[in-house]
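Chain residues, written in single-letter form:
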Amino acid sequence: MVAVTLQPLAVQPPARLTMQTIEIAPETTAMRSLDWDRERFDIEFVLNNGTTYNSFLIRGDKVALVDTSHQKFRSLYLNLLTGLIDPQSIDYLIISHTEPDHSGLVKEVLQLAPQITVVGAKVAIQFLENMVHQPFQHLLVKNGDRLDLGQSHELEFVSAPNLHWPDTIFTFDHKTGVLFTCDAFGMHYCDDHTFDQDPELIAADYKYYYDCLMAPNARSVLAALKRIEKLEIQTIATGHGPLLLHHLSNWVDSYRTWSQEQTKADVFIAVFYAEEYGYAEELARAIAHSIIKTEATVELVDLMTVELQEVRELVNSAAGLVIGMPPQSNISAHAALSTILAAAHSKQAIGLFESGGGEDEPIYPLRNQFEEIGLMEAFPPILLKAAPTQAIEQICDEAGVDLGQWVTRDRTIKQMKSIDSQLERALGRLSNGLYLLTTQKGDVSSAMVATWVTQASLEPLGVAIAVAKDRAIEALLHPGDRFVLNVFQEGKSQPLMKHFLKRFAPGSDRFAGVKTYAAANGSPILADALAYLECEVTSRLENNDHWIIYSIVQTGRVAQLDALTAVHHRKVGNHY
């Protein structure tokens, strides 16, 4: 017997790259590169609403250009820039940080205007010299330094390292009250509105962006907020998404609240990696993003620029360590590694990953050294021989969750034991069916035993599933993703339950030894399932510890009409 509800296939519009220019303050022009259809940004971001790359012109007696754009906008951006101003009249190019989506056209701008003085933090200038491979005039600035453009446009620079690169600076124009922040306070959201007119429309993207990029450096966020608290800010000109004007205090307060909550966690993990080397930053941030799902705090640290005293302090207080292999030739990184080895102790967990930069420090000798000290290996070394794939992304996601769950295990057990009230006992009497959620996305597959499942609508037919935030499969359940909900049969569920409830190594095949066949949406169907539903995620509702995934049911089948669904009975409501 088959019950089918068919949904029309979505037709993807052609990719769009457009430009927008608007005056946002006196003598201050925004040049926004609108990437309407970008679906991914680094390996930790799934983009539902595209993104923008924002650049700015400030015209006093002298002219400053703040950041450039992504290389994909080369012709569009340069045509717009040269239409607005003669590049030969630009005096300064301010580099908020050297990530390629903001500095991807620095070389082209220097070719048009070799007289420009590049302004940036010391680390940024060093990075840029390695990027553009041509001489240029530069001005090193540090926190509190000022640059007078004339006509009252006095620019003050604010050091904001690790937001989200080690070379980040903010720029504040004392005449207009505009604070140029690059990544901080931004979001990946693309539409024609320059400003934040509708906060409800962009709030979810703002929070998602914070979680992915800023939460791993919550301590650095709080330090930056302290540095800007005395500035009379009227507008925050971000590097991505709409500029913040109408609800400024709410956005800033959210950063403060989220960062304070993040740093209050009773355990934290230090993630060491070599910035600007191989794929180290991508993998480090992917692992960090997954660790945060477990409510552990993360501190991202660049091995090539960090002070050794800071390394000792971080390692002494960290419950876990993650290290991306730095280049063998970098003396500073090796000094940092030696400091980590000297400070590490047997109560910590460790995870290592290759950076794929061509001259990585050998990973297994370092692993052996940590084993000799007595550290617990949270996940096997992540080996990288080419550019990160979906499979590597899944490994990083699952590795971060495994490490986070290990360092927070005592807190989790304490929470489970602490609740024994009549309320939790009564809640535990709510019974649920037993299901297996399976998904296949490209080369990545995953599975999760689910019990918090319910039908949620009749037209269209829809189901809602609660997925804990610290489950790695959560990353595969965003709007547009597809999965299969397999229904376990009463009396026949135990072998499958035993298999899928065991702990798997990151990236391992959950379906090895299990009979499956592919659904129309590509996800695995259990051959022994009582029934299955093919679903597509349409929305997600966030609560404190779970995502509620609402999905449209597209098709389904029952294998045995006279059999019953397996049921899970609990005694208390504070765990599954």
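As shown above, the structure is provided for reference.
Every chain's residues receive numbers from 1 upward, in the order its sequence appears when written. Local features in this predicted model are restricted to residues whose pLDDT is 70 or higher, and side-chain atom pairs enter the listing and the counts only when it is 80 or higher, whereas totals over whole chains, interfaces and linings include all residues. Computation of side-chain values: all heavy atoms of the structure, hydrogens and water removed.

### Here's the deal with the nonpolar core
Residues Phe185 and Tyr255 are the most contacted members of the largest nonpolar core, which totals 58 residues. Sort the elements by how many residues they give to this core and helix H8 (residues 280–292) lands first, with eight residues. Ala270, Leu303, Val311 and Leu321 belong to the second-largest nonpolar core, a separate cluster that totals 26 residues. Take the buried residues of types Ala, Val, Leu, Ile, Met, Phe, Trp, Tyr and Cys, join any two whose side-chain atoms come within 4.5 Å, and each joined set is a nonpolar core. Three labels apply to residues, based on accessible area from a 1.4 Å probe with only protein chains included: buried if under 20% of the type maximum, exposed if over 50%, partly exposed otherwise in between. Under the DSSP-based scheme used, a helix requires at least four consecutive residues in state H or I and a strand at least two consecutive residues in state E, with every element numbered from the N terminus.

### Notes on the packing of aromatic side chains
For Phe, Tyr and Trp, where Trp contributes only its six-membered ring, two rings pair if their centres lie within 6.5 Å, and the inter-plane angle classes them as stacked under 30 degrees, edge-to-face over 60, or tilted in between. Here the structure, examined in full by the defined rule, presents ten aromatic pairs. Plain terms: the ring middles of tyrosine 206 and tryptophan 251 are 4.6 Å apart, the flat faces sit at 55° to each other, and that makes the pair tilted. On the criterion of sequence distance, the pair formed by tyrosine 206 in helix H5 (residues 199–214) and tryptophan 251 in helix H7 (residues 248–263) is long-range, its members being 45 residues apart. Comparing tyrosine 206 with tryptophan 251 shows no difference in burial state: the two are buried. Ring centres of tyrosine 206 and tyrosine 255 lie 5.4 Å apart, and the angle between their planes is 40°; on these two criteria the pair is classed as tilted. Of this pair, tyrosine 206 sits in helix H5 while tyrosine 255 sits in helix H7, and the two are 49 residues apart along the sequence. Taken together, the ring pairs in this structure connect Phe185, Tyr206, Tyr210, Trp251, Tyr255 and Trp258 into an aromatic cluster. Above the face of the tryptophan 36 ring, arginine 16 is positioned so that its terminal group lies 4.3 Å from the ring centre. For a Lys NZ or an Arg CZ to count as sitting over a ring, it must be within 6 Å of the ring centre and within 35 degrees of the ring normal.

### Quick notes on the pattern of salt bridges
By definition here, a salt bridge exists when the distance from a side-chain nitrogen of Lys or Arg to a carboxyl oxygen of Asp or Glu is within 4 Å. With the rule as written, the count across this model stands at 22 salt bridges. Arginine 146 is the partner of glutamate 154 in a salt bridge, and the nearest nitrogen-oxygen pair spans 3.3 Å. Its relative accessible area of 44% is what places arginine 146 among the partly exposed residues. Of the charged contacts in the structure, one is a salt bridge between glutamate 156 and arginine 146, with a shortest N-O distance of 3.1 Å. Highlighted residues: glutamate 156 in strand S12 (residues 154–159) and arginine 146 in strand S11 (residues 146–148), separated in sequence by ten residues. Linked by salt bridges that have partners in common, Lys293, Asp397, Glu474 and Arg540 make up one network.

### Looking at unusual backbone geometry
Along the chain, glutamate 459 connects to proline 460 via a cis peptide bond; the corresponding omega equals 0°. Tracing the chain through its elements places proline 460 in the loop between strand S24 (453–457) and strand S25 (462–468). With a phi close to 55°, glutamate 27 is a non-glycine residue in the positive phi region. Mapped onto the secondary structure, glutamate 27 falls in the loop between strand S2 (17–25) and strand S3 (28–35). Backbone geometry places cysteine 182, a non-glycine residue, at a positive phi of 55°. For cysteine 182, a relative accessible area of 2% gives the class buried.

### Looking at the packing of H5 against H8
All axes are obtained by fitting lines to C-alpha atoms, using only the stretch in contact for helices, and the reported angles, taken between N-to-C directions, cover 0 to 180 degrees. Put simply, H5 and H8 touch, their axes get as near as 8 Å, and they point 115° apart. Residue-level contacts link Tyr208, Asp211, Cys212 and Leu213 of H5 to Arg285, His289 and Ile292 of H8. Should any heavy atoms of two residues lie within 4.5 Å, those residues are counted as being in contact.

### Details of the side chain of threonine 438
Relative to the helices and strands, threonine 438 resides in strand S22 (residues 435–441). Of the residues examined, threonine 438 reaches a relative accessible area of 0% and is grouped as buried. Each polar contact in these results corresponds to two N or O atoms within 3.5 Å; when the atoms are within protein, one needs to be able to donate a hydrogen and the other to accept it, and residues that are neighboring in sequence are counted only if both atoms are side-chain atoms. Among the polar contacts listed, one links the side chain of threonine 438 to the backbone oxygen of proline 524, at a separation of 2.5 Å. When near neighbours in sequence (up to four residues on either side) are disregarded, threonine 438 contacts Ser446, Ala447, Phe483, Val484, Asn486, Phe511, Ser523 and Pro524.

### Focus: helix H15 (residues 494–501)
The complete set of buried residues in H15 reads Leu496, Met497, His499 and Phe500. The buried side chains of H15 occupy one side of the element, clustering within an arc of 165° when seen end-on. In H15, those exposed residues whose orientation departs by more than 90 degrees from the buried face are Gln494, Pro495, Lys498 and Leu501. Of the surrounding secondary structure, the elements contacted by the buried residues of H15 are S22, strand S23 (444–450) and strand S28 (524–526). Working note: the arc is built from the helix axis to C-beta atom directions.

### Remarks on the sheet that holds S12
The strands making up a sheet are joined through hydrogen bonds of the backbone, oriented either antiparallel or parallel. At least two bridges found by DSSP between two strands are what make those strands a pair. As summarised here, the arrangement of the five strands in space is S11-S12-S13-S14-S15, forming an open sheet in which the pairing is mixed. The open sheet has two edge strands, S11 and strand S15 (235–238), and neither has a second partner. Recorded for the sheet is a direction-independent mean angle of 25° between the axes of neighbouring strands. Where strand S13 (residues 169–173) lies against strand S14 (residues 178–182), three bridges are found, and the strand directions are antiparallel. Residue pairing for S14: aspartate 173 is matched across the bridge by valine 178.

### Describing the packing of H5 against H7
Following both chains from N to C, one finds H5 and H7 inclined at 40°, their axes separated by 12 Å at the closest point. By the criterion of interaxial angle, the relationship of H5 to H7 is oblique. Here H5 and H7 pass one another in a crossing that is right-handed. Residues Pro199, Ile202, Ala203, Tyr206, Lys207, Tyr209, Tyr210 and Met214 of H5 form the contact with H7, whose own contacting residues are Trp251, Val252, Ser254, Tyr255, Trp258 and Ser259. Taken together, the residues of the contact of H5 with H7 break down into eleven nonpolar, two polar and one charged. Note that the term roughly parallel is reserved for angles under 35 degrees, roughly antiparallel for angles over 145, roughly perpendicular for angles of 65 to 115, and oblique for everything else. Here is the rule for handedness: rotate from the far helix to the near one, and if that takes an anticlockwise turn smaller than a right angle the crossing is left-handed, while a clockwise turn gives right-handed. Charged means Asp, Glu, Lys or Arg here, nonpolar means Ala, Val, Leu, Ile, Met, Phe, Trp, Tyr, Cys or Pro, and polar covers whatever is left, Gly included.

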